[in-house]
Amino acid sequence: MRGPHSPGSVLKRRTGWVGAPERRKDRVGPPDRGDQVGQPGRKDRVGRRPGGKRRTGWKRLGTPLGILAAVTGAFAYVGTVDPNEPGHYPVCPLLQLTGVFCPGCGGLRSAHAFITGDLGAAFSANAIATVGYFLFAAVWVLWLVRAWRGKPLRMALAPAWWWGVGAVLLVFTVVRNLPFGSALAP
């Protein structure tokens, strides 16, 4: 009986993947180099699918444009349905249960003000969210340009950066709930 990695397996026929016991002995190249895209030691070709077909033109832009369409739809909805009027959106569960503002409290009001062009109100509703809108726009433009050029968007942040982001959110949450930080409260 043949296994999934046997010489006549479906995996080998569809992808061309050659498992460790089946690698050719007369292969040229260093021994630690993989035989297929995605294996260790082998540099993936940008814009190529496992079948070897190259993604060209608008197909490379599909994911960034799809993300932009989803974000635009969400912002359009928040821009037309005012979160300042009660009854349209649910209340933050943390705020309702504890009376403490989470880092996301005021985010919908911030998005509504941002869409309508009132950056001051957007910043006062949720400063972190407003900064996040600009950060998202910058990363999205970078992603779109790299996709257009056929290069992947690789943004590997070191753990120290993630800890820094978490620390900023924690400090923001604590300060906005203290009396002297009431300017950051929504």
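Up top is the structure these notes are about.
What you see is a predicted model; the values in this text were computed from it and never measured.

With that settled, the discussion passes to the packing of aromatic side chains. All told, the structure shown has five aromatic pairs when counted by the stated rule. Ring centres 6.1 Å apart and planes at 85 degrees place the aromatic pair Y77 and Y89 in the edge-to-face group. Linking Y77 in helix 2 (residues 62-80) with Y89 in the loop between helix 2 and helix 3 (93-98), this pair joins segments that are twelve residues apart in sequence. Since its relative accessible area comes to 46%, Y77 is described here as partly exposed. Geometrically, the ring pair formed by F114 and Y133 is tilted, given 4.9 Å between the ring centres and 50 degrees between the ring planes. Note that F114 is positioned in helix 4 (residues 107-115) and Y133 in helix 6 (residues 127-148), a separation of 19 residues in sequence. Classification of F114 as partly exposed rests on a relative accessible area of 24%.

As a packed pair, helix 4 and helix 6 sit with axes 9 Å apart at the nearest point and diverge in direction by 55 degrees. Accordingly, the angle class assigned to the pair helix 4 and helix 6 is oblique. The way helix 4 lies across helix 6 gives a crossing that is right-handed. Each of G107, S110, A111 and F114 in helix 4 lies in contact with helix 6, whose residues at this interface are A129, T130, Y133 and F134.

Procedures and definitions
- Each residue is numbered by its place in its chain's sequence as written, counting from 1.
- Restriction of local features to residues with pLDDT of at least 70 applies here, the model being predicted, together with a cutoff of 80 or more for giving and counting side-chain atom pairs; totals for whole chains, interfaces and linings are based on all residues.
- In computing side-chain values, all of the structure's heavy atoms are included and hydrogens and water are not.
- Working definition: rings of Phe, Tyr and Trp (its six-membered ring) pair if their centres are within 6.5 Å, and the pair is stacked with planes under 30 degrees apart, edge-to-face with planes over 60 apart, and tilted otherwise.
- Strands here mean DSSP runs of E at least two residues long; helices mean DSSP runs of H or I at least four residues long; both are numbered from the N terminus.
- Only protein chains enter the area calculation, which uses a 1.4 Å probe; residues under 20% of their type maximum are buried, those over 50% are exposed, and those in between are partly exposed.
- For helices, the fitted line uses only the C-alpha atoms of the stretch in contact; every axis is such a line through C-alpha atoms, and the angle between N-to-C directions lies from 0 to 180 degrees.
- Here the angle decides the label: under 35 degrees means roughly parallel, over 145 means roughly antiparallel, 65 to 115 means roughly perpendicular, and every other value means oblique.
- The sense of a crossing depends on the near helix, which, turned anticlockwise from the far helix by less than a right angle, makes the crossing left-handed and, turned clockwise, makes it right-handed.
- The contact definition used throughout considers only heavy atoms, calling two residues in contact when any of these lie within 4.5 Å.

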